[in-house]
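Each chain is listed here by its residues.
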Amino acid sequence: MLLGIPFGRDKNTGEWKDVAEVTRGLDCNCVCPSCKLPLSARHGDEREWHFAHHTRNISKEDIVDCEFSFQVSLRMMIHQLFIDGLALKVPGYNQHITVPRQLNNSIDSIVTITGERLINTREVNYSIDSIFLGQQVDVIFNFGTATLIVYLSYRGREFPFSKRLLKNAKAGALIFDLEKLTQIFYRKPFTDEDQLGTARTQLLGWLKSSIEAKSWYYHPREDKLIDDRNNEIDEALRNKKSATNHFTIPAHKLSKCKCLGCGHTFTGYKNMANSCPNCKTHLYVSNF
């Protein structure tokens, strides 16, 4: 079942309107954000208030199957809310790596890339509905040395970038899955009062207080942090191997050696040809 459209575009001003903000019926003066057909505001008692397509006196050729109008209306209203300024809650981001069994108790397999944070849009530079690497994205944050893009995704509007492209551009990417949000939009309150609010209140509450349907695709620091953890693993394995080799060689199998060529003394093995570390040959080495 398709959900009713929560936001319509005012035909005169171009602003996006919550269905609760407009006059009931066709007097709402709004059109569908996806197919541009007229909308009728439904203010009923049995279900959530919503916009519905008004198709009376519209030719069949002009009626479009508007499957994604709900998601499109969310996306357009999110743009408008960013223009007005808001606080945006960003989820944390962890990556899992493989840790050898012998190091499980000493090295964590979870690499924390970043924690949850709140971005106040009034304190950073950003642009809305802009072009990035030849593709249209919804929000671009500029943090000086790095860029963060926000992409609003739903079926038919998939994320367009590879991690390699983002790495070269020193850009992080957050994906907001509007299809997942659709599944809980009218079911889970996002307001402080723990009650369902208007569509605008729901959407604004989700943006600033929830991490549901939000996920990291790439973070500019993740490659270095993962490399650092893998280097830590390699170093721990080398140390473990060195310690094992040192303590497993019985003392009675060791012998003090002297190179008659350069005079260097060192520890070698009994009954073996021990090469001098300096001369790189065993020809002048004697055991004593």
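Note: the structure precedes this text.
The paragraphs below set out a description of the structure included in this document. Fair warning: this is a prediction, and the values are worked out from it, not measured in the lab.

1. Brief notes about the overall build of the chain
Step number 1: Each helix and strand in the chain was counted, giving 5 helices and 17 strands.
Step number 2: Within the chain, contacts between residues at least 6 apart in sequence are counted, and of these 56% link residues at least 24 apart.
Step number 3: Here the chain displays about 17000 Å² of accessible surface, and carbon together with sulfur accounts for 47% of that area.

2. Some thoughts on the sheet that holds strand 4 (residues 38–42)
Step number 1: Pairing in this open sheet of 5 strands is antiparallel, and the strands run 2-1-3-4-5 from one edge to the other. Looking at which strands have only one partner, the edges of the open sheet turn out to be strand 2 (16–18) and strand 5 (50–53). Adjacent strand axes in the sheet meet at a mean angle of 55°, parallel and antiparallel pairs treated alike.
Step number 2: Two elements, strand 1 (residues 7–10) and strand 3 (residues 25–31), share 2 bridges in a ladder whose sense is antiparallel. Note that in strand 3 the partner of Asp10 across the bridge is Cys30.

3. Notes on the packing of helix 1 (residues 69–84) against helix 4 (residues 199–209)
Step number 1: The contact between helix 1 and helix 4 brings their axes to 11 Å, and the two run at 70°. When the axes of helix 1 and helix 4 are compared, the pair comes out roughly perpendicular. Here helix 1 and helix 4 pass one another in a crossing that is right-handed. Within the contact between the two elements, helix 1 uses Leu74, Met77, Ile78, Gln80 and Leu81 and helix 4 uses Arg200, Leu203, Leu204, Trp206 and Leu207.
Step number 2: Among the residues making up the contact of helix 1 with helix 4, the classes are represented as 8 nonpolar, 1 polar and 1 charged.

4. Description of the sheet that holds strand 15 (residues 254–259)
Step number 1: Strand order across the open sheet formed by 3 strands is 16-15-17, with antiparallel pairing between neighbours. Across the chains shown, the open sheet's two edge strands, defined by having one partner strand only, are strand 16 (265–269) and strand 17 (285–287). Taking the axes of each pair of neighbouring strands and ignoring which way they run, one obtains an average angle of 40° across the sheet.
Step number 2: Bridge count between strand 15 and strand 16: 5 bridges; the pairing is antiparallel.

5. Observations concerning the packing of aromatic side chains
Step number 1: Overall, the coordinates contain 13 aromatic pairs when judged by the stated rule.
Step number 2: A centroid spacing of 5.5 Å and a plane angle of 80° characterise the contact between Phe159 and Phe161, whose relative ring orientation is edge-to-face.
Step number 3: Given the relative accessible area of 18%, Phe159 is considered buried.
Step number 4: The exposure class assigned to Phe161 is buried, which follows from its relative accessible area of 5%.
Step number 5: Within the aromatic cluster, the residues linked to one another by ring pairs are Phe132, Tyr151, Phe159, Phe161 and Tyr217.
Step number 6: Directly above the ring of Tyr151 sits Arg157, whose terminal nitrogen or CZ lies 4.2 Å from the centroid.

6. Regarding the pairing of strand 10 (residues 125–132)
Step number 1: When strand 10 meets strand 11 (residues 135–142), the two strands line up antiparallel, connected through 7 bridges. The partner of Ile128 across the bridge, within strand 11, is Val139.
Step number 2: Here strand 10 folds back onto strand 11, and the loop between the two strands holds 2 residues, one of which, Leu133, carries a positive phi near 50°.

7. Some thoughts on the pattern of salt bridges
Step number 1: Scanning all chains against the criterion turns up 11 salt bridges.
Step number 2: Note that Glu21 and Arg200 form a salt bridge whose closest N and O atoms lie 2.8 Å from each other. Here the residue Glu21 occupies a position in the loop between strand 2 and strand 3, and Arg200 occupies one in helix 4, the gap between them amounting to 179 residues.
Step number 3: Each of Arg75, Asp129, Asp138 and Arg157 takes part in salt bridges that share partners, so that together they form one network.

8. Points about the state of the cysteines
Step number 1: Tallied over the full model, the rule gives 0 disulfides.
Step number 2: Between Cys259, a free cysteine, and Cys279, which holds the nearest cysteine sulfur, the sulfur-to-sulfur gap is 3.8 Å.
Step number 3: Looking at Cys259, the relative accessible area reads 0%, which means it is buried.

Procedures and definitions
- Residues numbered from 1 in each chain as written.
- Predicted model: local features only at pLDDT ≥ 70, side-chain atom pairs only at ≥ 80, totals over all residues.
- Heavy atoms only, no water.
- Helix = DSSP H or I, 4+ residues; strand = E, 2+ residues; numbered from the N terminus.
- Contact = heavy atoms within 4.5 Å.
- Areas by Shrake-Rupley, 256 points an atom, 1.4 Å probe, with all protein chains shown as cover.
- Pairing = 2+ DSSP bridges.
- Axes fitted to C-alpha atoms, helices over the stretch in contact; angles between N-to-C directions.
- Parallel < 35°, antiparallel > 145°, perpendicular 65-115°, else oblique.
- Left-handed = near helix turned anticlockwise from the far one by under 90°.
- Nonpolar A, V, L, I, M, F, W, Y, C, P; charged D, E, K, R; others polar.
- Phe/Tyr/Trp six-rings, centres within 6.5 Å; stacked < 30°, edge-to-face > 60°.
- Buried < 20%, exposed > 50% of the residue type's maximum accessible area, 1.4 Å probe, protein only.
- Lys NZ or Arg CZ within 6 Å of the ring centre and 35° of its normal.
- Salt bridge = Lys/Arg side-chain N within 4 Å of Asp/Glu carboxyl O.
- Disulfide = S-S within 2.5 Å.

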